[in-house]
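Fold and contact review
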Amino acid sequence: MYVRSVSDASADGSSSRVTDWFTRRTSDIDSWQLQRVMDAKADTSVAVILPARDEEATVGEIVGAIRAELTGGARPLVDEVIVVDSGSRDATAQVAADSGARVVALDDVLPDYAPRAGKGEAMWRGLAATTADVVVFVDADLQSFDARFVVALLGPLLDDQTVAFVKAAYDRPPTDPSVPSNGGGRVTELMARPMLSAFWPELGGILQPLAGEYAARASLLRQLPFRCGYGVDLGLLIDTYSAAGLDVIAQVDLRRRWHRHSDLPSLGRMATEVMHTALDRLVAEGRVPAELAAASHLWQPERLEGAVALQHYDIDIAERPPLSALS
């Protein structure tokens, strides 16, 4: 079992629970060899789902690696690979199909619901498109993808029936190669982690709360709402904790993970989506007044031809209901 030392400095009574969980529920990618995970799979069915929009440069390599290493033979670890094309304007769908994925457009499933933009929307429809017992979500913009990521995320779920949700942990190399890589991205460190520490302190041991790579039991996910936009990753984490408790969650250190970096204005809008996702949960729990979550917009400055202008953005706070509520 992989364990790092953790400072036990908080006085709110949650720190011992955080460190205990961290010790028991954190493992390392090297702990999960393919044969060990294969042996634990038994008759569990597994689907890998990639939400994708304009990812022709990377989606083929990811799908190809999974297909080549994890889907062959009489007892494949992964039973199907699904790419949910979220209205791509490039060749994402064709590249994914040529690499061996089952490509699903947003309007291919749940036709009674008009498609919306957003990563969470694609994930929700991807879950609806499979009957697998366990799903693994993988971002389609990963660079230097390693199929062992999928193996390691499945490990705790298949090895321990009390685990229902497994998050990836990793270091994100910064844009400046001279700066050591450590911790999460900017939205994680400046928004998500402080928010969790303040309001859900038992989740303080989650190294990457906004990781787009995680595995979960479909039976759990079908009970949870899906935020349509970028708030989906934090929403599913908090909702899993609220519905099933801390101990059903585990994490696996994948060491390092690369994907493209966004500019600061884009990250500001992303952070606002994440913040509203958390605020809506706090309102539902009766811990903050509803008016705190009412304003779903953001003003950002933009310099145009030497002059500063203000740009107004509406923030996506739409949320899809649990799939279990649709049947």
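Our structure's up above, just so we're on the same page.
The sections below set out a description of the structure shown in this document. Fair warning: this is a prediction, and the values are worked out from it, not measured in the lab. (Residues numbered from 1 in each chain as written. Predicted model: local features only at pLDDT ≥ 70, side-chain atom pairs only at ≥ 80, totals over all residues. Heavy atoms only, no water.)

**Describing the side chain of Ser 88**
Inspection of the secondary structure puts Ser 88 in the loop between strand E3 (80–85) and helix H4 (92–98). A distance of 2.4 Å separates the side chain of Ser 88 from the side chain of Asp 85, its partner in a polar contact. (Helix = DSSP H or I, 4+ residues; strand = E, 2+ residues; numbered from the N terminus. Polar contact = N/O pair within 3.5 Å; in protein donor to acceptor, adjacent residues only side chain to side chain.)

**Concerning the sheet that holds strand E5 (residues 134–137)**
Pairing in this open sheet of eight strands is mixed, and the strands run E1-E10-E7-E8-E5-E2-E3-E4 from one edge to the other. Only two strands of the sheet have a single partner each, and these edge strands are strand E1 (26–28) and strand E4 (102–105). Here the strands of the sheet are splayed against their neighbours by 25° on average, with no regard to which way each runs. Two strands pair when backbone bridges link them, and E1 and strand E10 (residues 249–256) are joined in this way by three bridges, in the parallel orientation. Within E10, the residue paired with Thr 26 across the bridge is Gln 251. Sheet strands in contact with helix H5 (residues 119–128) are strand E2 (46–52), E3, E5 and strand E8 (214–217), and its direction is about 150° off that of E2. (Pairing = 2+ DSSP bridges. Axes fitted to C-alpha atoms, helices over the stretch in contact; angles between N-to-C directions. Contact = heavy atoms within 4.5 Å.)

**Details of the pairing of E10**
Burial within E10 is extensive, with six of its eight residues counted as buried. Two elements, strand E7 (residues 165–171) and E10, share six bridges in a ladder whose sense is parallel. Residue Asp 171 lies in a different strand from E10, and its bridge partner there is Arg 256. (Buried < 20%, exposed > 50% of the residue type's maximum accessible area, 1.4 Å probe, protein only.)

**Considerations on the pattern of salt bridges**
Between side chains of opposite charge, a pair can form as their charged atoms come close. Per the counting criterion, the structure on display carries 24 salt bridges. As a salt-bridge pair, Asp 316 and Arg 116 come within 3.5 Å of each other at their nearest N and O atoms. With Asp 316 in the loop between strand E13 (307–314) and strand E14 (319–320) and Arg 116 in the loop between E4 and H5, the pair connects residues that are 200 residues apart, well separated along the chain. Across the pair Asp 139 and Lys 119 runs a salt bridge whose closest N-O atoms are separated by 3.2 Å. Taken together, the residues span a long stretch of sequence, with Asp 139 in the loop between E5 and strand E6 (142–143) and Lys 119 in helix H5 at a distance of 20 residues. Here Asp 139 and Lys 119 have matching classes, each one buried. One network of salt bridges, with partners in common, ties together Asp 20, Arg 24, Arg 25, Asp 160 and Asp 247. (Salt bridge = Lys/Arg side-chain N within 4 Å of Asp/Glu carboxyl O.)

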